[in-house]
Amino acid sequence: MMIKSLAVGPIMANCFIAACEKTREAVVIDPGDEGDRILMALANEKLTVKYILNTHGHFDHVAANRRLKEVTGAEICIHPEDAPMLGQLSTMAMSFGLRAENSPPCDLPLKGGEEIRFGEEVLKVIHTPGHSRGGLSFAGKDVVFVGDTLFAGSIGRTDLPGGDYNTLISSIRERLFPLGDKMRVCCGHGPDTSIASEKRFNPFVGGV
């Protein structure tokens, strides 16, 4: 699987492009801003976008949904619990003193357990609530995209509507850690990490 990351927008959220190197089919995970920059990265690699995958509905992770949808026609995928946020991005961003364009509605609701196929690649959908009620992670053979559920040495905030600390900790320990120590973790902000590193060093969920 080819993976390209771009830190986008004023909050520097990580947008990931994951692609099948053989067929050039791709998914875009969390297009949070700078839609034209994401589209340019896709064009440079000659990739065709099949799905737009939203790990959750916060504006800094989905604000470029509209631009990507308009240009690529790809299906927008999000958990039903977070889908209502797509029409409230402008209001959410305003509360942070920022601007965002509302997203088109969800095309393909994901609740967890589904498989997202693009070319010869597969990502398994895992429901990982806690940062938001509808938080999702997308796991491949040796990589998992976790949005704002887990960070290198930290965890997602739980003080926003729909957040719950105990639920987040359970999601990490019971749904992410079992994926295996060798799994690369692509986070919604900041650097990549690994399950092994977070199990050993993360002060919130380590020591297990």
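What you see is a predicted model, and the numbers here were worked out from it, not measured in a lab. (Residues numbered from 1 in each chain as written. Predicted model: local features only at pLDDT ≥ 70, side-chain atom pairs only at ≥ 80, totals over all residues. Heavy atoms only, no water.)

Undergrad: Looking at this structure, I do not really get the sheet that holds strand β10 (residues 143–147). What am I missing?
TA: Strands belonging to one sheet form pairs held by backbone hydrogen bonds; the direction of such a pair is parallel or antiparallel. Pairing in this open sheet of six strands is mixed, and the strands run β7-β8-β9-β10-β13-β14 from one edge to the other. Two strands close off the open sheet at either side, each with one partner strand: β7 (115–118) and β14 (193–194). By the bridge criterion, four bridges tie strand β8 (residues 121–127) to strand β9 (residues 136–139) in an arrangement that is antiparallel. For V125, the partnering residue across the bridge sits in β9 and is F138. (Pairing = 2+ DSSP bridges. Helix = DSSP H or I, 4+ residues; strand = E, 2+ residues; numbered from the N terminus.)

Undergrad: I keep staring at the UniProt feature "domain: Metallo-beta-lactamase" (unreviewed entry) in the protein chain and nothing clicks. Help me out?
TA: When the UniProt feature table is mapped onto this chain numbering, "domain: Metallo-beta-lactamase" (unreviewed entry) sits at residues 12–189. The span residues 12–189 carries 22% helix and 29% strand; its end-to-end C-alpha distance comes to 7 Å. (UniProt positions renumbered as here; feature names shortened; annotations may be inferred.)

Undergrad: Can you help me understand the sheet that holds strand β2 (residues 13–19) in this one?
TA: Strand order in the open sheet formed by six strands is β1-β2-β3-β4-β5-β6, with mixed pairing between adjacent strands. Every other strand in the sheet has two partners, leaving β1 (2–8) and β6 (108–109) as the edge strands with one partner each. Both β1 and β2 contribute to a ladder of seven bridges, which runs antiparallel. Note that in β2 the partner of S5 across the bridge is F16. Against the sheet, helix α1 (residues 35–44) touches β1, β2, β3 (25–29) and β4 (48–53), its axis set at about 160 degrees to β1. The sheet strands contacting helix α3 (residues 65–72) are β3, β4 and β5 (75–78), and the helix crosses β4 at an angle near 150 degrees. (Contact = heavy atoms within 4.5 Å. Axes fitted to C-alpha atoms, helices over the stretch in contact; angles between N-to-C directions.)

Undergrad: Could you clarify how one ought to interpret the packing of aromatic side chains in this entry?
TA: Two measures describe an aromatic ring pair: the distance that separates the ring centres and the angle between the ring planes. Across all of its chains, the model carries two aromatic pairs by this definition. Judged by centre distance (5.5 Å) and plane angle (45 degrees), the rings of F59 and F96 are tilted. Of this pair, F59 sits in helix α2 (residues 59–62) while F96 sits in the loop between α4 (89–94) and β6, and the two are 37 residues apart along the sequence. Classification of F96 as partly exposed rests on a relative accessible area of 44%. (Phe/Tyr/Trp six-rings, centres within 6.5 Å; stacked < 30°, edge-to-face > 60°. Buried < 20%, exposed > 50% of the residue type's maximum accessible area, 1.4 Å probe, protein only.)

Undergrad: What am I meant to see in the nonpolar core here?
TA: It is characteristic of soluble globular proteins that their nonpolar side chains tend to be buried jointly. Core analysis: the largest hydrophobic core is formed by 29 residues, its most contacted members being I17, V28, I38, L42, L47 and L68. A per-element tally of this core places α1 first, with four residues. When near neighbours in sequence (up to four residues on either side) are disregarded, V28 contacts C15, F16, I17, I38, L42, V49, Y51, I52, L53 and L68. (Core = buried A, V, L, I, M, F, W, Y, C linked by side-chain atoms within 4.5 Å.)

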